[in-house]
Amino acid sequence: MAQKLTEKKRRGDRSDAYKIRDIDPMHYIMAVVTPGRCNNEAYISESVDLANLNAYLAKKNENETEFKYTMFHVIVTAFLKVLKLRPKMNRFIYDNAIYQRKFQSASFVVKKKFADNGEEGTAVVYAKDEDTIDTIHEYLREVITKERSVQEGSGDNGTLKAMEIFSSMPKPISVSLLHALMWMDKHDMVPDWIISQEPYHHSLVISNVGSFGLHCGYHHLLEWGTNSLFCLIGEKEVRPVFQKDGSYEMREMVDLGITIDERLADGYYYAKSIKLLQYLLQHPEELEKPLGEEVDYNA
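Remember, predicted model here, so these are calculated numbers, not experimental data. Numbers given for residues are sequential positions, taken from 1 along each chain in its written order. Owing to the predicted nature of the model, reporting of local features is limited to residues with pLDDT of at least 70; listing and counting of side-chain atom pairs is limited to 80 or more, with chain, interface and lining totals taken over all residues. Neither water nor hydrogens contribute to the side-chain values; these are computed over all heavy atoms in the structure.

Engineer: Before we move on, can you summarise the pairing of strand S10 (residues 248-261) with the specific residues and values?
Structural biologist: Every other side chain in a regular strand lies on the same face of the sheet, so the side chains alternate between the two faces. Of the pairings in the sheet, the one linking strand S2 (residues 41-49) to S10 comprises nine bridges and is antiparallel in character. Counterpart to Glu41 in the pairing with S10 is Asp261. Here, any two strands with at least 2 DSSP bridges between them count as paired. Segments assigned H or I by DSSP are reported as helices when at least four residues long, segments assigned E as strands when at least two residues long, and all are numbered from the N terminus. In this sheet, S10 lies alongside strand S9 (residues 237-242) in antiparallel orientation, the contact comprising six bridges. Residue pairing for S10: Val241 is matched across the bridge by Glu249. Taken together, S9 and the strand that follows it, S10, pair antiparallel across an intervening segment of five residues, in which Gly246 is found at a positive phi of about 95°.

Engineer: Describe the packing of aromatic side chains, naming the residues involved and giving the relevant values.
Structural biologist: The description of two aromatic rings rests on the distance between their centres and on the angle between their planes. Only centres within 6.5 Å qualify two rings of Phe, Tyr or Trp (six-membered ring in Trp) as a pair; their planes then separate them into stacked at under 30 degrees, edge-to-face at over 60, and tilted for everything else. Throughout the structure, instances matching the rule amount to five aromatic pairs. Summarising the aromatic geometry, the rings of Tyr43 and Tyr218 are spaced 5.1 Å apart at their centres and angled 55° between planes, so their arrangement reads as tilted. Pair noted here: Tyr43 is in strand S2 and Tyr218 is in the loop between strand S7 (204-207) and strand S8 (229-233), with a separation of 175 residues, a long-range link. Aromatic side chains Phe242 and Tyr248 sit 5.4 Å apart centroid to centroid with 50° between the ring planes, which places their arrangement in the tilted category. Residue classification places Phe242 among the exposed residues on the basis of a relative accessible area of 55%. Note that Arg37 overlies the ring of Tyr94, its terminal NZ or CZ placed 5.9 Å from the centroid. In this analysis the charged atom, NZ for Lys or CZ for Arg, is taken to sit over a ring once it is within 6 Å of the ring centre and within 35 degrees of the ring normal. Lying across the ring of Tyr269, Arg86 places its NZ or CZ 3.9 Å from the centre. Note on classification: 1.4 Å probe, protein chains only; a residue is buried when its accessible area is under 20% of the maximum for its type, exposed when over 50%, partly exposed between these limits.

Engineer: Which residues make up the side chain of Glu64, and what are the values?
Structural biologist: Positionally, Glu64 belongs in the loop between helix H2 (51-60) and helix H3 (71-85). In this structure the side chain of Glu64 is engaged in a polar contact, spanning 3.0 Å, whose partner is the backbone nitrogen of Phe67. Excluding its chain neighbours within four sequence positions, the residues that come into contact with Glu64 are Tyr69, His137 and Arg141. Any pair of N or O atoms that falls within 3.5 Å is considered a polar contact. Within protein, one atom must be able to donate a hydrogen and the other to accept it, and sequence-neighbouring residues count only if both atoms are side-chain atoms. We call two residues contacting when some pair of their heavy atoms lies within 4.5 Å.

Engineer: Describe the pairing of strand S6 (residues 120-127), naming the residues involved and giving the relevant values.
Structural biologist: When you tally the buried positions in S6, you get seven out of eight residues, the bulk of the element. Pairing analysis gives eight bridges linking strand S5 (residues 104-111) to S6, with the strands arranged antiparallel. In the sheet register, Val110 faces S6, and the bridge partner there is Gly121.

Engineer: Which residues make up the packing of H3 against helix H4 (residues 133-149), and what values do they have?
Structural biologist: It is at 10 Å that the axes of H3 and H4 come closest, and there the two elements cross at 120°. Like other packed secondary-structure pairs, H3 and H4 cross with a definite hand, here right-handed. The segment H3 lies against H4, with His73, Val74, Thr77 and Leu80 engaging Ile133, Ile136, His137 and Leu140. Looking at the contact of H3 with H4 residue by residue, the class counts come to five nonpolar, three polar and no charged. To get an axis, fit a line to the C-alpha atoms, keeping to the stretch in contact for a helix; angles then go from 0 to 180 degrees between the N-to-C directions. The hand of a helix crossing depends on one turn: near helix anticlockwise from the far one by less than a right angle means left-handed, and clockwise means right-handed. Classification convention: Asp, Glu, Lys, Arg as charged; Ala, Val, Leu, Ile, Met, Phe, Trp, Tyr, Cys, Pro as nonpolar; all other residues, Gly among them, as polar.

This is the structure in structure tokens:
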């Protein structure tokens, strides 16, 4: 589902984002004196109790046989709702200016087969205000099924095909062309068809490393592209959850490792945004309402 970027641009805007012109002095100065996304990474660790989410998925999958709802689908939808309701989480900094992205999107890698030599493809899901967990689930079905249906080695994936072309060139030529492409990105000259497929030009990059047995960690941000929010989903595990009286109960949990550009907002804004994310994951039925609908989460 490609996103059409047809809004009228003002001077300083990008094709994929509006330039923020009324930025407060602190964030304006931070964008200038602390350049580089990788130099401004903040790490947020969250543990999610899966009791409510598991019960919700069991109910959703009672009549779903072909493409079952999964924890990954719920987490992606929850993040997209947070991006809708907490717009500063969907900003990025480029060339000393802060931009508000025109759309909410999540990109991820689709492994065609779980093997050392298994090829990877990239997939992107865009969100609309009226979307719900059910429409996002259908979008995910479409993009994942399409990506996995592409034969390995066919070169049908645009991003991978472009990488293969660059890597097949003599090194001096490929390096020069890649530097030119980065210059074009800085000046908003990269074609929309590249931005729409390339994973690091989207609101969120998310990876379920737990699906192949890894514990949660953190993934760095990149200077290429505009992505300022990355999430790793760790492996599910049963662990004790302690109560105030010292008693405990064994619960299935999953950890999220979130990396974000700290220059986009202050700690209070991030804390409220993560609280909203946690609320949605504990109350997944809220995701059956339109993504653009406000949520009372007692923040």
